[in-house]
Amino acid sequence: MLLAGMSVHAQMQKIPTDESVRIGKLDNGLTYYIRHNGYPEKVASFYIAQKVGSVQENEDQRGLAHLLEHMAFNGSDHFKDNALQEYLQSIGVEYGRNLNAYTSTDQTVYYIQDVPTTRISALDSCLLVLKDWSNGITLSADGINQERDVVHNEYRMRIIGMQKILEQKLPELYPGSLYGQRFPIGLMKVIDGCSPETLRAYYRKWYRPDNQGIIIVGDIDVDRTEQKIKELFSDIKVPANAAKVVPVEVPDNYEAIYVIGKDKEQPANLFLVNMKHDAFPDSLKNDVSYMIMDFARNMLTKMLNERFVEECQKAESPLLQTAVSDGMYLISRTKDALYLQVVPKEGQELEGLATALRELKRAKDFGFTDTEYERAKSNYTSQLEKIYNNREKYKTNDYCSQYVQNFINLEPIPSIETEYTLMNQIVPMIPVNIINMMAKELISDTDTNLVVLAALKDIEGKKYFTIDDMRKTVAAVRTEKLEAFVDNVIQEPLMAQLPQKGSIVKETENAALGYKELQLSNGVKVLMKKTDFNAEEILMNATSAGGASVFGTSEVDNLQVASYILSSSGMGKFMQTDLKKVLAGKQVSINFSLDNSRHGISGSSTPKDLETLMQLTHLGFTNLTKDEKAVNTLISTLKMVLSNISANNDAVFEDSVQSVIYKNNPLFRTPTPESLDRISYDRVLEMARKLYGNAANFTFTFVGNYDEAVLKQFIEQYIASLPSKGTSDLTGKEMRTFAKGLVVNKFDKKMENPQAQANEIWRSNALKYSLSNNVLNDISSRLLDMTYNREIRERLSAAYHAGAKGEVETDGPEIFMLITGNAQLNPEKAQEAIKEFHKGMDATVASPNVEDLNKIKQILLKQADVDASTNRYWISVLDRWNRFGVDIYTNYKKTVETVTPKDISNYLKKVILKSRNHYEVEMMPQ
Ligand SMILES: [Zn+2]
């Protein structure tokens, strides 16, 4: 249909591949992509993608594609045992964040990101890592035995709720297809008991150059890199009778498939409705028609989703949330589906399903209106323009992901310029009719290829509907006579009348941090720092002392959700749904925040939409209005999530941790459905007037690519004009009620997937905010993180994740340092593992691991450069400087470089352990 539709308008043409990426193929079939890219500077990323995954497994190998992925980090030709991880850390690559992998049904991808390019030997070593991954993984019997439990622990942690339901119901969702038997996590009996040879067989059979693509992007010499690839990879042979990767088909189903899945840890009742259709053929994806199709389905789903947002906000709607997309059917790349996810209100499940299907049918019967389409198009083109204008700063890792998708799925990779030009020609030529035709085609009204899964909370004694009820609901909607959708639009500007301008009364400059400071006539302070990190980004952050402490714990019910309520409120005469419409085509966002002792508004925009951001900010301070519909939807959604939270082990554990640290202070507990019932919207708006009604105390920070004269003009118009009494009596009082000394909380919980969890938390006494304490706390936590990972995950195989993190608690007038050791554990090994937290701390106090310390320094020094080229980082630098008078930028690297083992020891002894504030929380399965 679309091919026919577009051929009227455009010549069939190939999408030209970006010429800035060098793509080549060795004789043995290995594909490579190499590109020089300068953002971020002085780093490069290395990927290897395999066109195989769990679907290539034999029955006795179920789960081994994933186990193999784990083994890639546990010994290879050039990197024995843990040497790969250790080496990469020593050149500044952070394990987990910059070094990782994933396995799915049809692909397995490994990556090393942000490798510093200053040392050429480091780049060569990374190529060697890729080579080892391609055909040099050791797969020793000992190594495999060691890793079985780690994967089993991952299963305990991940396969809960929706994942559990999918795992169980996959055969019914894929009748007659191997996909139904190849959920990537596999079978635990295979993981626990497979012979090493079974795993090796998979590796030998499928990891071959003709199934592999390597991708290297960054601040590199392309010619040299290509030469190195040829040297390293050309000798790898493909066996003569190598098995072919054959696409696994998903047969059409001529009768509808209805499935009901239940799990105790499923957080909400929901439906997944799939209307399957053929995937766009890979062989045609380099044709412009593919871009047109992709644009059309993008418009179709965008407009449907807008309608769903409106529908969900109706008081009488049985829906809480509904979203639609079009793409891969669940886990199979050979089949696509229009995919509807429906979250109904409690007790109105079938009505919810009917309502969602009705909206689909309405779109099929009547199509979309011109005004809806205009908005969707303008959102699309402004997003396209944003990418185009910032094309010089397109991120290295984003290029890498695109090349992975090109290699695996043949997704086209035109240059940003080409895509911009092409789409600007195409978009105006696609009338709404084409989208309406697509709606008719994709939204099906027959049983063919319909698959509906109901995923329900398994609550004892609770009765739900039957499959027959679902079938009847679907059939009934099909026979309904509907009316066309009416698009209500307010044709008015955001601000009909501009406020009375204020003025800038004083301007100073800070050379060290490169920002300007303005004093405004209404007492507001503004910090502004112009950067060129992103041509299309300006960030704004406005904060003031105050926050929850202005009202106190007695108002806890309102305070816990106040920032969400404010962010969901109307502005002036615009309700949330109107705002979405009036802001169509604008790249702008705004959010309220309310912490213990501070509150604020933050936002972002492009240079073009800066005035809109300023207007929204002004309205946020002066003209918040009640949007009952939006806020009711918000609260109902929260209630639904919270109603079954006792089944969510992570949430229960986290709540217990908070309760221990803050001595059961209700402000730090998780809200309950009952506490949500006590919220008064009027009172929340009254609180907002108190917090935002007088701007005198606020500091605004702008960081990004603004035009200074323009920004100043807007500041006078919209910020200096904010109502103010000149001074403010709001101060941020201490709300935190930290427990002192040793507190232990050990408890049992009934679980579907038995898994233990433990936190060991150390907290300092109150301190002064300082750069050196920040750095010492960060490094100490990272030392412990490496130790815990080594001892608990690698040596004991007791956890999928075991580590530590450090925090600087700044949300109050006093500063505290926290170090938290955390692990999700195999219950049988929990007690042994928990001892390691203390052992690790004692060992680090006695003599910090010097090798680890050096690795951490490399990681932090490299990350400092990457961070310092983002606007987000500078917002926090200016915030710290403004609040504490501490410059966390200028001497950061020097501070990191000069940390000695003795400093760490002293810090842990004199700052962290001396306080004797220590909390232990353990949750064990009943
Ligand atoms: Zn894994």
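Residues numbered from 1 in each chain as written. Predicted model: local features only at pLDDT ≥ 70, side-chain atom pairs only at ≥ 80, totals over all residues. Heavy atoms only, no water.

Visitor: Looking at this structure, how should I read helix α4 (residues 120–135)?
Guide: Given 3.6 residues per turn, any residue in an α-helix points the same way as the ones three and four places further on. Spanning 16 residues, α4 covers 23 Å between terminal C-alpha atoms, matching the ideal 22 Å at 1.5 Å per step. Considered for burial, the residues of α4 that qualify are Ala122, Leu123, Ser125, Cys126, Leu127, Val129, Leu130, Asp132, Trp133 and Ser134. (Helix = DSSP H or I, 4+ residues; strand = E, 2+ residues; numbered from the N terminus. Expected span 1.5 Å × (residues − 1). Buried < 20%, exposed > 50% of the residue type's maximum accessible area, 1.4 Å probe, protein only.)

Visitor: Just checking my understanding: could you explain the pairing of strand β8 (residues 270–278) for this structure?
Guide: Regular strands place their side chains on alternate faces of the sheet. Buried residues dominate β8, accounting for 8 of its 9 residues. Alignment of β8 against strand β11 (residues 450–457), held across 6 bridges, turns out to be antiparallel. By the bridge assignment for β11, Asn274 is matched with Val451. Across 8 bridges, β8 lies against strand β10 (residues 332–344) in antiparallel orientation. Residue pairing across strands places Leu272 opposite Gln341, the latter belonging to β10. (Pairing = 2+ DSSP bridges.)

Visitor: Just to check I follow, could you spell out the side chain of Thr322 for this structure?
Guide: Note on placement: Thr322 falls in strand β9 (residues 319–329). Those residues in contact with Thr322 that sit more than four places away from it in its chain are Asn305, Phe308, Cys312, Leu340, Gln341, Val342, Val343 and Ala356. (Contact = heavy atoms within 4.5 Å.)

Visitor: Explanation requested: the sheet that holds strand β6 (residues 212–218) in the structure shown.
Guide: Sheet strands pair by backbone hydrogen bonding; their relative direction is either parallel or antiparallel. Within the open sheet, the 6 strands sit side by side as β1-β2-β6-β3-β5-β4. Their pairing is mixed. The open sheet has two edge strands with one neighbour each: β1 (21–25) and β4 (99–103). Strand after strand, the sheet turns through a mean of 10° between neighbouring axes, direction not considered. Judged from the 7 bridges that link them, strand β3 (residues 43–50) and strand β5 (residues 108–116) form a sheet pairing that is antiparallel. Of the residues in β5, the one forming a bridge with Gln50 is Thr108. Each of β4 and β5 is contacted by helix α2 (residues 64–71), which is oriented at about 170° to β4, the strand it contacts most. (Axes fitted to C-alpha atoms, helices over the stretch in contact; angles between N-to-C directions.)

Visitor: Just checking my understanding: could you explain the pattern of salt bridges for this structure?
Guide: Where side chains of opposite charge bring their charged atoms close, a pairing between them can arise. Scanning the entire structure with this criterion turns up 71 salt bridges. Residue Asp852 pairs with Arg790 through a salt bridge whose shortest N-O separation is 2.5 Å. Taken together, the residues span a long stretch of sequence, with Asp852 in helix α27 (residues 850–867) and Arg790 in helix α25 (residues 771–795) at a distance of 62 residues. Given the relative accessible area of 1%, Asp852 is considered buried. A salt bridge links Glu836 to Arg795; the shortest N-O distance between them is 3.0 Å. Within this pair, whereas Glu836 is found in helix α26 (residues 830–846), its partner Arg795 is found in helix α25, the two being separated by 41 residues in sequence. Overall, the relative accessible area of 5% leaves Glu836 in the buried class. (Salt bridge = Lys/Arg side-chain N within 4 Å of Asp/Glu carboxyl O.)

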